[in-house]
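# Summary of structural features
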Amino acid sequence: MTVLEERFGIPAAYQRIAARLMQLVLAGIAGYGLVSGQFGLVVNGTLPLLITFLPAVLRRDYGLPMNAGLTLWVTAAVFLHTLGMVGLYDAFGWYDQLTHVLSGSVVAGCGYAVTRALELHSDDVEFPEEFVYVYMFVFVLAFGVLWEIMEFSTEVGARVFGGRAYLAIHGVRDIALDFASNGVGAVVVALVVREVRTRFPAALAREMDE
Amino acid sequence: MFSWTRTETEIAVSWLLVACLVAAGAVGLRSGAYPMAVFALLSAGLAAAPAVFTRERRATLPWPVVGLAAVAALGQRFTQFDGVATYVWVVAVTLILVVDLQAFTDVEMSSRFSAAFVTTTTMAVGAVWTVLRWVSDAFFGTSYLGGVDPVMWELVGATVVGVVVGVAFEYGFHGVIDAGVERRLDRGERR
């Protein structure tokens, strides 16, 4: 049962196929980079590809419930980012914001999972429901800062050691808009999670049992 | 590390520091230093919030926490270390928030989670602060943000300050604050 299936009637099999297709394109980009000797393309194809396997690994090794929708969500976020690196970031001004909303939402999901897990498995930690939603937002913004610092460090590295930065910062406007779109992604996920939790108490009970 | 025996003195000191922050905010407003005024009034408001909401004069925050905010205010007014002072301030605001949450809401945090919370919140405040200043620059003709480099070094600074204070908080501060908070709750001062 995923939100996509429930709300939009998209079967899980289609979601799985969509994720697979995106993985194929990522592998293709990495392969093309390797053949044509473009190191940047190899990195931007391979790393996201590895990330798309994360949900499956988590399911297999840790028995975490990861459904097709979740895999598609993560895959779509990194896929769109890679397409951006290949050229869409430069082609469309709004594309950066789109990917940041999506990746912000993925990070928010992770933040939610971590806080819930902490709360369920530790006696010292207790959060009221509303606090978790607020904290998701904080977590996403903090992760956004970490991300910008990572981009910045590749730029500083490029300045010190020469060469071109793999992840470039285009200006203050970009930084501010990135943070803002990350925040939008977090708010969207907080609203969705809230909706799901209030509408499906059974899922909540299962979660508590684990 | 801090003495919790002189409670009346401690409460008086805490209120005095809040008053200092309000004064700093007023000075900032009058001299046009709006970022400073915002931070000073915000930290004063958060520090006074528990007392205001519980209508209990004694429900102030531990003075070292309010003191950190006051030190940051002084630092920003009178020293050359503007950037550092700003993020000491951010951390102070975060600490105030953590203590507010722990002492006066149902939120319970382990010391490790508080440390992570202090660090991530400091970073998040850095992000929000950047966005607010950018909006002001873009739409109201101010020029708070100099360029990519100063903004990014500021965010790096915020992260470092957040990590340092977060770790210090986990190893030293948390127990003390907990003890103070527990003592207050024991004596029924929560309501």
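Remember, it's a predicted structure, so these values are computed and weren't measured experimentally. (Residues numbered from 1 in each chain as written. Chains lettered and ligands numbered in written order. Predicted model: local features only at pLDDT ≥ 70, side-chain atom pairs only at ≥ 80, totals over all residues. Heavy atoms only, no water.)

## Focus on the overall build of chain A
Stated precisely, the cut-off is as follows: The helix and strand labels rest on DSSP assignments: H or I over at least four residues marks a helix, E over at least two residues marks a strand, and numbering proceeds from the N terminus. Burial classes follow relative accessibility: with a 1.4 Å probe on protein chains only, a residue under 20% of its type's maximum area counts as buried, one over 50% as exposed, and anything between as partly exposed. It only takes one pair of heavy atoms within 4.5 Å for two residues to be counted as in contact. Residue-level accessible areas treat just the shown protein chains as cover; the underlying method is Shrake-Rupley with a 1.4 Å probe.
Looking only at helices and strands, chain A has nine helices and zero strands in total. Residues counted as buried form 42% of the 210 residues belonging to chain A. Considering only intrachain contacts with a sequence separation of at least 6, the fraction spanning at least 24 residues in chain A is 63%. Taken as a whole, chain A presents about 11,500 Å² of accessible surface, with 69% of it coming from carbon and sulfur.

## Digging into the nonpolar core
In plain terms, the rule: Nonpolar cores are built from buried Ala, Val, Leu, Ile, Met, Phe, Trp, Tyr and Cys residues. Side-chain atoms within 4.5 Å join them into one set.
Counting 75 residues, the largest nonpolar core has Phe-131 of chain A together with Trp-89 and Met-109 of chain B as the members making the most contacts within it. Residue contributions to this core peak at 12 residues, all from helix α7 (residues 129–161) of chain A. If we ignore the near neighbours within four places in the chain, the residues touching Phe-131 of chain A are Leu-101, Val-107, Met-109, Phe-113 and Phe-117 of chain B. Ranked by size, the runner-up nonpolar core spans seven residues in total, among them Ala-19, Met-22, Ala-76 and Phe-79 of chain A.

## Side note on the interface of chain B and chain A
Rules: Buried area, as used here, totals the accessible surface that two parts lose on assembly, with accessibility defined by a 1.4 Å probe and the loss added over both. Every case where a carboxyl oxygen of Asp or Glu lies within 4 Å of a side-chain nitrogen of Lys or Arg is listed as a salt bridge. Two N or O atoms count as a polar contact when they lie within 3.5 Å, although within protein this holds only if one can serve as hydrogen donor and the other as acceptor, and sequence-adjacent residues are included solely when both atoms are side-chain atoms.
Taken residue by residue, the interface counts 28 residues in chain B and 29 residues in chain A. Together, the buried faces of chain B and chain A total about 2,400 Å²; carbon and sulfur atoms form 83% of this surface. For the pair chain B and chain A, the number of links is one salt bridge. Among the ionic pairs, Asp-149 of chain B bridges to Arg-159 of chain A, the shortest N-O distance being 3.0 Å. Summed over the shared surface of chain B and chain A, the result is two residue pairs in polar contact (both at pLDDT 80 or more). For the side of chain B that touches chain A, the secondary-structure elements that each account for two or more residues are α5 (111–140) and α6 (148–186) of chain B. Per element, the largest residue contribution to the side of chain B that touches chain A is 12 residues, and it comes from α5 of chain B.

## Some words on helix α3 (residues 63–78) of chain B
Cut-off, in case you're wondering: A helix is expected to reach a length of 1.5 Å times the quantity of its residues less one.
Across its 16 residues, α3 of chain B extends 22 Å between first and last C-alpha, which sits within 8% of the 22 Å expected from 1.5 Å per residue. Along α3 of chain B, the residues classified as buried are Pro-64, Val-65, Val-66, Gly-67, Ala-69, Ala-70, Ala-72, Ala-73, Gly-75 and Gln-76 of chain B.

## A word on the pattern of salt bridges
If you walk through the whole model with that rule in mind, you get three salt bridges over all chains. Between Glu-155 of chain A and Arg-159 of chain A there is a salt bridge, with the nearest N and O atoms lying 3.3 Å from each other. Remark: Arg-159 of chain A and Glu-155 of chain A occur in helix α7; sequence separation between them is four residues, near one turn of the helix. The class of Arg-159 of chain A is partly exposed, set by a relative accessible area of 49%. Put simply, Glu-155 and Arg-159 of chain A together with Asp-149 of chain B are held in one network by salt bridges that share partners.

Function cannot be inferred from these measures alone, as they are strictly geometric.
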